[in-house]
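Close look at the chain arrangement
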Amino acid sequence: KPNLQQLPQEGGVRECFRPREGCVYIGADYSTAELVALAQVCLNLGFSSKMAEAISQGQDLHLALAADLAGVTYERALELKAAKDKQILKLRKLAKVPNFGLPGGLSAGGLVGFAKGSYGLDISENEAEELKRAWFARWPEMRGYFDHVKERVSAGYIIQHYSGRRRGGVGFTDGANTYFQGLVADGAKSALFDVVRAAWMEPESPLFGARPVLFIHDEIICEVEEPKASAAADELARLMLKGIQSYVPDLPIQAEAWCARVWRKGLDELRDANGAHIVQG
């Protein structure tokens, strides 16, 4: 208490936590980790994955779907985004709803609630159905993925790729979520093991003396003495990539680090002219 894994979206809560005197927080998380993991699972299952192709090409998955919704090419969508076109930016936000909601097997009705609860967007059930159609057209491998999940649910259990963890008693939606969320969980916890070891047992590490204070889904936050913050943040990001790479071996994934005196939502990597992390207020 409070539940640090699911704090309110609005500001004012995270800011209540402060590091000790002379210390700052460093943190790092993965970029679109669940979608990268989903694409990896599809490759593992032998599917030709459009999502994996887009990730390998460095595409913005939300913008790719937004381009379809707008009826333009991805290249044109990039131009519109760069010009801060309001319509393409609105569609990109809308694209996050199916990209993050549908991999877990949501129905159109569930997508309506997800859009409202997670993004503050009001969509009708008919609009949700249209989003589903566009999503399956953009990522056709997902039909095969869901068929596989149904087979495993009927069998009574799912075996996690790479780690071999076995989960029984799953239904369709938790089964659909298990493959890719479990992959991220295994990779992130492998990284957490390395971070804790560096902080306590490796005097030569830039992280030595840091104290991991929070592990939230795919994000690790540590408290570290301020003079060591920049080097420690880079090492944190490096270990996080090392920890997860063997779980998504065929796809690129990024980990972005930050340094700050106050924990708050929306902290991004910020560096000075010399490439060192800037400690944000």
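Please refer to the structure higher up on the page.
Residues numbered from 1 in each chain as written. Predicted model: local features only at pLDDT ≥ 70, side-chain atom pairs only at ≥ 80, totals over all residues. Heavy atoms only, no water.

**A few points about the pairing of strand β4 (residues 211-216)**
Sheet analysis places β4 next to strand β5 (residues 219-225), joined by 5 bridges and oriented antiparallel. Bridging across to β5, Phe215 finds its partner in Ile220. In textbook terms, the turn of a hairpin is the stretch between consecutive antiparallel strands, and for β4 and β5 this stretch comprises 2 residues, one of which, His217, has a positive phi near 60 degrees. (Pairing = 2+ DSSP bridges. Helix = DSSP H or I, 4+ residues; strand = E, 2+ residues; numbered from the N terminus.)

**With respect to the packing of aromatic side chains**
One pass over the structure, following the stated rule, counts 9 aromatic pairs. Ring plane angle 85 degrees and centroid distance 6.2 Å describe the contact between Tyr162 and Tyr247, whose orientation is recorded as edge-to-face. A residue pair is termed long-range when its members are at least 10 positions apart, and Tyr162 in the loop between β2 (157-159) and β3 (166-168) and Tyr247 in the loop between α10 (229-245) and β6 (255-260) qualify at 85 residues. An aromatic cluster of at least three residues, connected via ring pairs, comprises Trp135, Phe136, Tyr145, Phe146, Phe172 and Tyr179. Positioned above the aromatic ring of Tyr157, the side-chain terminus of Arg152 is 4.8 Å from the ring centre. Sitting above the plane of the Trp200 ring, Arg211 keeps its charged end 3.5 Å from the centroid. (Phe/Tyr/Trp six-rings, centres within 6.5 Å; stacked < 30°, edge-to-face > 60°. Lys NZ or Arg CZ within 6 Å of the ring centre and 35° of its normal.)

**Some remarks on helix α5 (residues 86-101)**
The terminal C-alpha atoms of α5 lie 23 Å apart, and with 16 residues this matches the ideal 22 Å at 1.5 Å per residue to within 8%. Elements in contact with the buried residues of α5: α1 (33-44), α3 (61-70), α4 (74-82), α6 (108-119) and α7 (125-138). Where α5 starts, the residue carrying a side-chain oxygen 3.2 Å from the main-chain nitrogen of Gln87 turns out to be Asp85. (Expected span 1.5 Å × (residues − 1). Contact = heavy atoms within 4.5 Å. Polar contact = N/O pair within 3.5 Å; in protein donor to acceptor, adjacent residues only side chain to side chain.)

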